[in-house]
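Chain by chain, the residues run as shown.
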Amino acid sequence: MRQYALLRLLLAVFFLYVAWPLIPEATSQLEYFFWGCWLAFLFLFIGANLSTLLQITQPPVMEQKEILKRKLGNN
């Protein structure tokens, strides 16, 4: 699971790298709104993947069952 979170973070950084030169070229109010929403979504995406990478959140239910099976199998 950590590998996927790291890959998603790298993809998000790549998207930011590609989009960064276009952000200052926004001229209309609609473009400002679009880039603001895009950046907000990007930061939420990065935060969610960082929390997964740092194990701040609980793993998905499927993985919790696997962890429980491992614990019960070792006893």
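Residues numbered from 1 in each chain as written. Predicted model: local features only at pLDDT ≥ 70, side-chain atom pairs only at ≥ 80, totals over all residues. Heavy atoms only, no water.

1. Considerations on the environment of Trp20
Consideration 1: Structurally, Trp20 is set in the loop between helix 1 (2–19) and helix 2 (29–53).
Consideration 2: Each C-alpha atom, one on Trp20 and one on Trp35, is 9.9 Å from the other, the two residues being 15 residues apart in sequence. (Helix = DSSP H or I, 4+ residues; strand = E, 2+ residues; numbered from the N terminus.)

2. A few points about the UniProt feature "transmembrane region" (unreviewed entry) in the protein chain
Consideration 1: Here the UniProt feature "transmembrane region" (unreviewed entry) sits at residues 32–54.
Consideration 2: Helix and strand shares over residues 32–54 are 96% and 0% respectively, and the end C-alpha atoms of the span are 32 Å apart. (UniProt positions renumbered as here; feature names shortened; annotations may be inferred.)

3. A closer look at the confidence of the model for the protein chain
Consideration 1: Looking at the protein chain, pLDDT values average 86 and 84% of them are 70 or higher.
Consideration 2: Element-level mean pLDDT values for the protein chain span from 69 in helix 3 (residues 61–74) up to 93 in helix 2. (pLDDT = per-residue confidence, 0-100.)

4. Topic: helix 1
Consideration 1: With 18 residues, helix 1 ought to run about 26 Å at 1.5 Å a step, and its terminal C-alpha atoms sit 26 Å apart, in line with that.
Consideration 2: Among all positions in helix 1, only Ala5, Leu9, Ala12 and Ala19 are buried. Relative to the axis of helix 1, the buried residues are bounded by an arc of 95 degrees and lie together on one face. For helix 1, exposure combined with an orientation more than 90 degrees from the buried face picks out Gln3, Leu7, Leu10 and Tyr17.
Consideration 3: If you follow the buried residues of helix 1, they end up packed against helix 2. (Expected span 1.5 Å × (residues − 1). Buried < 20%, exposed > 50% of the residue type's maximum accessible area, 1.4 Å probe, protein only. Arc of directions from axis to C-beta. Contact = heavy atoms within 4.5 Å.)

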